[in-house]
Amino acid sequence: MRNAKVIEFPKAQSVRKRLQDKAQEQKAVLILSIASVLIMTVFLNQWLMQGPDSSLTSGGSRNVASFQPATFAKDVKWEHDLAKKLASDKSTLSASLAEAPTLRDELIFGYLEGKYGMKLAQGRIESLEFIDAQAGEHPMAINDKAEFLAKYSEAFGLNYAEVSLVQKTDSEQVYSLIDSSKQIIGKAYFMTDDQGRVSEIKFTQ
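Residues numbered from 1 in each chain as written. Predicted model: local features only at pLDDT ≥ 70, side-chain atom pairs only at ≥ 80, totals over all residues. Heavy atoms only, no water.

**Student:** Looking at this structure, I do not really get the sheet that holds strand E3 (residues 162-168). What am I missing?
**Tutor:** Within a sheet, neighbouring strands are paired by backbone hydrogen bonds and run either parallel or antiparallel to one another. Overall, antiparallel pairing links the six strands, which are arranged E1-E2-E6-E5-E4-E3 in an open sheet. Every other strand in the sheet has two partners, leaving strand E1 (116-121) and E3 as the edge strands with one partner each. Taken over all neighbouring pairs, the strand axes of this sheet differ in orientation by 20 degrees on average, direction set aside. The pairing of E1 with strand E2 (residues 124-130) spans six bridges and is classified as antiparallel. Bridging from a neighbouring strand, Tyr-116 pairs with Phe-130 of E2. Against the sheet, helix H4 (residues 103-111) engages E1 and E2, with an angle of about 10 degrees to E2. (Pairing = 2+ DSSP bridges. Helix = DSSP H or I, 4+ residues; strand = E, 2+ residues; numbered from the N terminus. Axes fitted to C-alpha atoms, helices over the stretch in contact; angles between N-to-C directions. Contact = heavy atoms within 4.5 Å.)

Next comes the structure, spelled out in structure tokens:
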């Protein structure tokens with residue numbers, strides 16, 4: 001009996017090791033699956049927001065795709081929850097992704113937490129609109145709007161070097177976008193609710 005125990009012990013270790021290896025493999029597959037879903041969500045969001053109508057027409061004019069907040073509210077809530085889950089383990093996400101998210105991805109799914117839909121025009125962001133009301137969320141209060149514009153200037157697709165507040169009311173704040181030669185190349189409009197939370201951001205040139 002003593003010899004039988006000596007023979008069975010390595011087998012038990014081998015079984016335990018195989019179970020541990022299998023658990024590690026399943027964990028790795030789960031992490032990669034979540035990362036893949038996030039990447040697909042980014043591309044899907046941009047495709048849905050841009051739509052086929054945002055391309056140039058034969059007459060040279062541009063039509064912006066129609067925007068229906070209620071249609072995407074449930075999907076955005078799911079994206080929001082997923083973004084929070086992934087943000088809780090940034091080291092795992094970074095190791096799993098083939099390439100790092102862009103600054104625009106960080107803006108939409110990081111800072112804005114997936115609460116805002118994006119309209120694109122000729123490769124730049126034309127507007128960001130809060131679309132998560134149906135999911136029980138509230139617009140964000142962007143306290144330092146000038147810093148926000150400066151930090152994500154590249155993501156917006158506008159080549160400005162500084163910003164200047166030119167108008168402020170209870171429901172709207174307007175900033176001039178100024179390039180390196182001190183020329184105004186556009187404006188950013190922040191529409192706010194009665195609590196100062198940003199419901200929409202529009203960019204004009």
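**Student:** Got a minute to help me understand the pattern of salt bridges in this structure?
**Tutor:** For side chains of opposite charge, pairing can occur when their charged atoms come near one another. Applying the stated rule across the entire model yields five salt bridges. Salt-bridge contacts for Glu-162 lead to Lys-182; the nearest nitrogen and oxygen are separated by 2.6 Å. Separated by 20 residues along the polypeptide, Glu-162 in strand E3 and Lys-182 in the loop between strand E4 (172-178) and strand E5 (184-192) bring together distant segments of the chain. The salt bridge partner of Glu-200 is Lys-202, with a shortest N-O separation of 3.9 Å. A relative accessible area of 16% means that Glu-200 is categorised as buried. Looking at Lys-202, the relative accessible area reads 38%, which means it is partly exposed. Connected through salt bridges with shared partners, the residues Glu-113, Lys-115 and Glu-137 form a single ionic network. (Salt bridge = Lys/Arg side-chain N within 4 Å of Asp/Glu carboxyl O. Buried < 20%, exposed > 50% of the residue type's maximum accessible area, 1.4 Å probe, protein only.)

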